[in-house]
Amino acid sequence: MPVKDQLIRAAAANNAVRAFAATTRDTVEEARTRHLTSPVVTAALGRLMTAALMMGAMLKNDEDAITLIIHGDGPMQGATVTANRSGDVKGFAKDPAVWLPLKENGHLDVGTAIGGGTLTVIRDQPGGLPYSGQIELVDGEIANDVTHYFAVSEQVPSSVGLGVLVDTDQSVRQAGGFIVQLLPDCPDGVIDRIESNLRSLSSVTEMLENGFTPEMILSSVLDGLDMQVLATEPVRFHCSCSRERVAGLLKSLGADELRAMLADDKPVEVQCHFCSETYHFSDEEVESLICEHCEHMSY
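The shown structure was predicted, so the numbers you read here are calculated from the model rather than taken from an experiment.

Peer 1: Which residues make up the packing of helix H1 (residues 25-35) against helix H2 (residues 39-56), and what values do they have?
Peer 2: Interaxial distance between H1 and H2 falls to 10 Å at its minimum, and their mutual angle equals 135°. In this view, H1 runs oblique relative to H2, as classed from their interaxial angle. Crossing of H1 against H2: the hand is right-handed. Between H1, through Thr 27, Val 28, Ala 31, Arg 32 and His 35, and H2, the contact on the second element is made entirely by Thr 42, Leu 45, Gly 46, Met 49 and Thr 50. Here the contact of H1 with H2 is composed, by residue class, of four nonpolar, five polar and one charged.

Okay, structure coming up:
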């Protein structure tokens, strides 16, 4: 029985290490069904969403958000995901319908689907300037790319494990991951112990298949380092789009653009990239938006 989607925050070795782990099966399955992703895209998008959720847990304020953008020269072309500190995540792939042969070891070939390119991380802080960092992709498998990002852009030694197991019916069987970070002045003995634990660690999906919870995953990574769980929180796929927000976006296009839409004599539809929700607006509703725009401009 898959573990309910959740994220934990933990500390170890007298606060010399901070760690995060998450199970995200339902979250990634929600993205799959909304975007109709192929297995390899499901795996790629799921890994990126899981990483974003754990990085979102690192944010200081509830209003902050983090966005991970991959631009790749592979057939998937890239993906964008956004998460917040409350455990909400949304995301999409540029081409959700990429099909590739399995690798020789039988695993989905996420690296080939993404190809070479960049990973950009943007931290949005309402009322402040956003922080942005970018690195060249290491292998497109995402876990190593996020590890490299932490090392290069934030100078934080980290270990990142991510996994998505797609079932024979293309649904998500398992999904989750962990991030372990060494804080300044972390003792060499602690580093050696973590490296030793990682060498004997099973893959994320194998641990999840064996019934591991996020706490059990981190207990394996931090074995012998007096791990303490600081918080356990639910995570979910959630998009903040709404009919009201979309109407506001349409109104911001201006009266001329809206009249041109009406002149096309086609239904006015707006689809959210992040969740694939489609909003339909009748001619009468568009006319009302034109009137509202003109009234606003007359003030």
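We are not done yet, so read on.
Peer 1: An account of the layout of surface pockets is requested, with residue identities and associated values reported.
Peer 2: Taken as a whole, the largest pocket encloses approximately 580 Å³ of empty space. Around the largest pocket, the lining comprises 25 residues; the ones closest to its centre are Arg 47, His 107, Leu 162, Ser 203 and Thr 205. Counting only elements with at least two residues in the lining of the largest pocket, the list comes to H2, strand S8 (158-166) and helix H6 (204-209). A total of eight residues in the lining of the largest pocket trace back to one element, the largest contributor, which is S8.

Peer 1: Break down the pairing of strand S5 (residues 88-93) for me, citing the residues and quoting the values.
Peer 2: Burial of S5 is extensive: six of the six residues sit out of reach of the surface. Where burial is concerned, the two faces of S5 agree: the one with Asp 88, Lys 90 and Phe 92 and the one with Val 89, Gly 91 and Ala 93 are both buried. Hairpin remark: strand S4 (residues 78-84) followed by S5, antiparallel, with three residues in the connecting loop; positive phi at Gly 87, about 90°. Two strands pair when backbone bridges link them, and S5 and strand S11 (residues 236-237) are joined in this way by two bridges, in the parallel orientation. From the neighbouring strand, Val 89 faces S11, where its bridge partner is Phe 237.

Peer 1: Kindly report on the pairing of S4, identifying the contributing residues and their values.
Peer 2: Most of S4 sits out of view: seven of its seven residues are buried. Judged by which residues are buried, S4 turns out to be covered on both faces: Gly 78, Thr 80, Thr 82 and Asn 84 on one side and Ala 79, Val 81 and Ala 83 on the other are all buried. As judged from the seven bridges shared by strand S3 (residues 65-72) and S4, these two strands associate in the antiparallel manner. Its bridge partner being in S4, Ala 65 is matched across the sheet by Asn 84. In sequence, S3 turns back onto S4 through a hairpin of five residues, with Gln 77 there showing a positive phi of about 75°. Across five bridges, S4 lies against S5 in antiparallel orientation.

Peer 1: Go over the environment of Leu 250, please, and point to the residues and values.
Peer 2: Here Leu 250 shows up in helix H8 (residues 243-252). Taking the C-alpha atoms as reference, Leu 250 lies 8.9 Å from Val 270; in sequence the two are 20 residues apart. Excluding residues within four positions of it along the chain, Leu 250 makes contact with Leu 258, Met 261, Val 268, Val 270, Phe 281 and Leu 289.

Peer 1: Explain the sheet that holds S11 residue by residue, including any values.
Peer 2: Pairing within the open sheet is mixed, and its six strands lie in the order S7-S6-S3-S4-S5-S11. The sheet terminates laterally at strand S7 (131-136) and S11, the two strands that pair on one side only. Sitting on the sheet, H2 is in contact with S3, S4, S5, strand S6 (117-124) and S11, with an inclination near 30° to S4.

Peer 1: Quick one: what's the story with the nonpolar core, residue by residue and with numbers?
Peer 2: Core analysis: the largest hydrophobic core is formed by 57 residues, its most contacted members being Met 55, Leu 68, Met 76, Leu 119 and Ile 142. Here this core takes twelve residues from H2, the largest share from any one element. If we ignore the near neighbours within four places in the chain, the residues touching Leu 119 are Leu 68, Ile 69, Ile 70, Gly 133, Gln 134, Ile 135, Leu 137, Asp 145, Val 146 and Tyr 149. Phe 178, Leu 182, Leu 218 and Met 227 belong to the second-largest nonpolar core, a separate cluster that totals 23 residues.

Peer 1: Describe empty space enclosed by the protein, listing the residues and the values that go with them.
Peer 2: Empty space among the atoms can be located by rolling a probe the size of a water molecule over them. By the definition in use, this model includes two cavities of 30 Å³ or more. Within the residue set of the lining of the largest cavity, elements represented by two or more residues are H2 and strand S10 (228-234). The class makeup of the residues in the lining of the largest cavity is five nonpolar, four polar and two charged.

Peer 1: A description of the sheet that holds strand S9 (residues 172-182) should follow, citing residues and the corresponding values.
Peer 2: Across the sheet, five strands lie side by side as S8-S9-S2-S1-S10; this open sheet has antiparallel pairing. Here the strands that pair on one side only, and so sit at the sheet edges, are S8 and S10. With strand direction ignored, the average angle separating the axes of adjacent strands in the sheet is 10°. Looking at chain direction, S8 and S9 are connected through nine bridges and run antiparallel. Counterpart to Val 164 in the pairing with S9 is Ala 175.

Procedures and definitions
Residues numbered from 1 in each chain as written. Predicted model: local features only at pLDDT ≥ 70, side-chain atom pairs only at ≥ 80, totals over all residues. Heavy atoms only, no water. Axes fitted to C-alpha atoms, helices over the stretch in contact; angles between N-to-C directions. Helix = DSSP H or I, 4+ residues; strand = E, 2+ residues; numbered from the N terminus. Parallel < 35°, antiparallel > 145°, perpendicular 65-115°, else oblique. Left-handed = near helix turned anticlockwise from the far one by under 90°. Contact = heavy atoms within 4.5 Å. Nonpolar A, V, L, I, M, F, W, Y, C, P; charged D, E, K, R; others polar. 1 Å grid on protein atoms, 1.4 Å probe; cavity = no way out; pocket = protein on both sides within 12 Å on 5 of 7 lines; lining within 4 Å. Points joined across faces, edges and corners; volume = space filled by probe spheres on them. Buried < 20%, exposed > 50% of the residue type's maximum accessible area, 1.4 Å probe, protein only. Pairing = 2+ DSSP bridges. Core = buried A, V, L, I, M, F, W, Y, C linked by side-chain atoms within 4.5 Å.

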